[in-house]
Amino acid sequence: MRWKKQLHSLAPYQPGRSIESVKKEYGLKTIVKLASNENPFGCSQNVEAAIKKASIDFNYYPDGHAGELRSTLSQMLEVAPDQLIFGNGSDEIIRIISRALLYPGANTVMASPTFPQYRHNAVLEGADVREIPLVNGGHDLDAMLKAIDGQTNVVWICSPNNPTGVHIPDGFLTAFLQKVPEDVLVVIDEAYCEYVTAADFHDSLALVNQFSNVIALRTFSKIYGLASLRVGYGIANPAIIRMLEPAREPFNTNTIAHIAAKAALADLEFVERAKRLNRKGMEMFYEFCRKWNLPFYPSQGNFILINFKQEANKVFQSMLERGFIVRSGALLGFPDSIRVTVGTEEQVAAIINEFEAFLVNECKAIV
Ligand SMILES: *Cc1c(COP(=O)(O)O)cnc(C)c1O
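Residues numbered from 1 in each chain as written. Predicted model: local features only at pLDDT ≥ 70, side-chain atom pairs only at ≥ 80, totals over all residues. Heavy atoms only, no water.

**Section: the overall build of the protein chain**
Formally: Helix and strand definitions follow DSSP, with helices as H or I runs of at least four residues and strands as E runs of at least two, each counted in order from the N terminus. When we talk radius of gyration, it's over C-alpha atoms, and the globule rule is simply 2.2 Å times the number of residues to the 0.38. Three labels apply to residues, based on accessible area from a 1.4 Å probe with only protein chains included: buried if under 20% of the type maximum, exposed if over 50%, partly exposed otherwise in between. Throughout, a residue-residue contact means that at least one pair of heavy atoms, one from each residue, lies within 4.5 Å. The Shrake-Rupley method, run with a 1.4 Å probe sphere, supplies the accessible areas, and residue values consider only the shown protein chains as cover. His is not counted, nor are the chain ends; Lys and Arg add positive charge and Asp and Glu add negative charge. In plain terms, the charge of a residue is placed at NZ if it is Lys, CZ if Arg, CG if Asp and CD if Glu.
Looking only at helices and strands, the protein chain features 13 helices and 12 strands. The C-alpha atoms of the protein chain give 21 Å as radius of gyration, which agrees with the globular expectation for 367 residues (21 Å, within 12%). In terms of overall dimensions, the protein chain has C-alpha extents of about 65 × 55 × 55 Å along its principal axes. Counting across all 367 residues of the protein chain, residues that qualify as buried make up 53%. In the protein chain, once contacts between residues fewer than 6 apart in sequence are set aside, the share between residues at least 24 apart is 72%. Counting only carbon and sulfur atoms, one obtains 53% of the accessible surface of the protein chain, whose full area is about 17,500 Å². Put simply, the protein chain has 36 plus and 40 minus side-chain charges, and the middle of one group is 5 Å from the middle of the other.

**Considerations on the pairing of strand β2 (residues 84–87)**
Rule in force here: If DSSP finds at least two bridges between two strands, the strands pair.
Residues Leu84 and Phe86 line one face of β2 and the alternating positions Ile85 and Gly87 line the opposite face, and both faces are buried. Bridging between β2 and strand β8 (residues 232–235) involves 4 bridges; their strand directions are antiparallel. Paired with leucine 84 across the bridge in β8 is isoleucine 235.

**What to know about the pattern of salt bridges**
Heads up, the condition is: The term salt bridge refers to a pairing of a side-chain nitrogen on Lys or Arg with a carboxyl oxygen on Asp or Glu at a separation within 4 Å.
Under the defined criterion, the tally for this structure stands at 13 salt bridges. Lysine 291 is the partner of glutamate 356 in a salt bridge, and the nearest nitrogen-oxygen pair spans 3.0 Å. Taken together, the residues glutamate 356 in helix α13 (residues 345–366) and lysine 291 in helix α11 (residues 268–292) connect sequence positions 65 residues apart.

**Digging into the sheet that holds strand β4 (residues 128–133)**
Formally: Each axis is a line fitted through C-alpha atoms, and for a helix only the stretch in contact is used; angles between axes span 0 to 180 degrees, taken between their N-to-C directions.
What the 7 strands build is an open sheet, ordered β2-β8-β7-β6-β5-β3-β4; its pairing is mixed. Of all the strands in the sheet, the pair left with one neighbour each is β2 and β4. The sheet shows a mean angle of 20 degrees between the axes of neighbouring strands, taken without regard to direction. Bridge count for strand β3 (residues 107–112) against strand β5 (residues 152–158) is 3 bridges, and the pairing is parallel. When the bridges of β5 are listed, valine 109 appears paired with valine 155. In this fold helix α4 (residues 90–101) packs onto β2, β5, β6 (185–189), β7 (214–219) and β8, with an angle of close to 150 degrees to the strand it touches most, β7. Packed on one face of the sheet, helix α7 (residues 170–179) meets β5, β6 and β7 and runs near 160 degrees to β6.

**Quick notes on the UniProt feature "modified residue: N6-(pyridoxal phosphate)lysine" (unreviewed entry) in the protein chain**
We apply this condition: UniProt positions are given in the numbering used here, feature names are shortened, and annotations may be inferred rather than shown by experiment. Counted as a polar contact is a pair of N or O atoms within 3.5 Å, where, for protein atoms, one must be capable of donating a hydrogen and the other of accepting one, and residues adjacent in sequence contribute only when both atoms are in side chains.
According to UniProt, the positions carrying the feature "modified residue: N6-(pyridoxal phosphate)lysine" (unreviewed entry) are Lys222. Within the secondary structure layout, lysine 222 lies in the loop between β7 and β8. For lysine 222, a relative accessible area of 14% corresponds to the buried category. Residues within four places of lysine 222 in sequence aside, it is in contact with Ser36, Asn37, Asn39, Ala191, Tyr192 and Tyr195. At 3.1 Å, the side chain of lysine 222 and the side chain of tyrosine 192 are in polar contact.

**A closer look at the site of the ligand**
Operational definition: Whether a residue is near a molecule or strand depends on its heavy atoms: if one lies within 4 Å, it is near. We call Asp, Glu, Lys and Arg charged. Ala, Val, Leu, Ile, Met, Phe, Trp, Tyr, Cys and Pro are nonpolar, and the rest, Gly among them, are polar.
The ligand sits among 13 residues. The nearest are Ser90, Tyr192, Thr219, Ser221 and Lys222. Within the contact set of the ligand, a nitrogen atom lies 2.6 Å away from a side-chain nitrogen or oxygen of aspartate 189. In isolation the ligand offers 380 Å² of accessible surface; the protein chains occlude 93% of this area. Classifying every residue of the shell around the ligand gives 4 nonpolar, 5 polar and 4 charged.

**Focus on α11**
How we decide: To estimate the expected span of a helix, count its residues, drop one, and scale the result by 1.5 Å.
When the terminal C-alpha atoms of α11 are compared, their 37 Å separation across 25 residues agrees well with the 36 Å that a helix rising 1.5 Å per residue should span. Buried within α11 we find Phe270, Val271, Ala274, Leu277, Asn278, Arg279, Gly281, Met282, Phe285, Tyr286, Phe288 and Cys289.

Shown next as structure tokens:
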């Protein structure tokens, strides 16, 4: 068959290990999954109630326009309804943007390491990928600017960055946007924005108003705890949304997801609580890292990248056997680090215990 030649260089996405498969393999009763930055507190109770109450005609296609969710969200954000695009997760919006703007001969600029889907989709479309190494876990915006040329169609910004958790201070981001040519789309992926506590975090709604070439991406998968339902959205000026829409599948988000997302938006207390408890768990990890002298990046997300100063896969494997699924940095561009999602207070305390047991064992082995 005459496959697109790019497919030969791409591997299928490797998901984190599932709870069931780890239970079975190691004969464990309980498993804690802290691998994919999901919300350890579940989702708002409003969600289940709203889904139970709804009478859904399963035989009919969903509202492809996501009308109710669109109108709720546009009121909350104070943007026009035609400034929003919905995706089957923000992953799909990354795909839509790539499909609409990337092709052989065009190039795209991104940090490295960052969220892998930018690169994956760009390669699939045959565009050249310009990856600019992170500096101290953050975007090197000057080097990214220099990499932009007449063939650059999309620049990807991930703030807070996955997998480091480092955010770009507002002043730097705005200065960068002022220098990017107006005909280059800048994607600001802020999947973790609801977790951010830093005072100098950007205001994407203001940026979208100020810059006609900016789209902000958000998701219901992280703080809202709806990863299984697949809903994300983009905010941009109507002209950008208008051009992206034909690249979107007509019924890409489903009825249950619309109902759940709308219900989740109405429960600000749940979001506030998740944010507050996330900071507590994060502080516990910071303390652990300082105690053991393990380098880490202060994180604005709900995850932390910890440098164990040894092969990450070894730490990963040992944690798996102890009943904790984490993410090995080997697949994320940090071969000595582990990315851990901040769980509940009990989960964080428990995994820190296991990390310490692992490290003590290591010390003994060395002596
Ligand atoms: C989790 C994540 C996403 C994808 O979220 P979905 O809406 O579930 O597709 C996008 N960007 C970053 C940086 C993420 O970490």
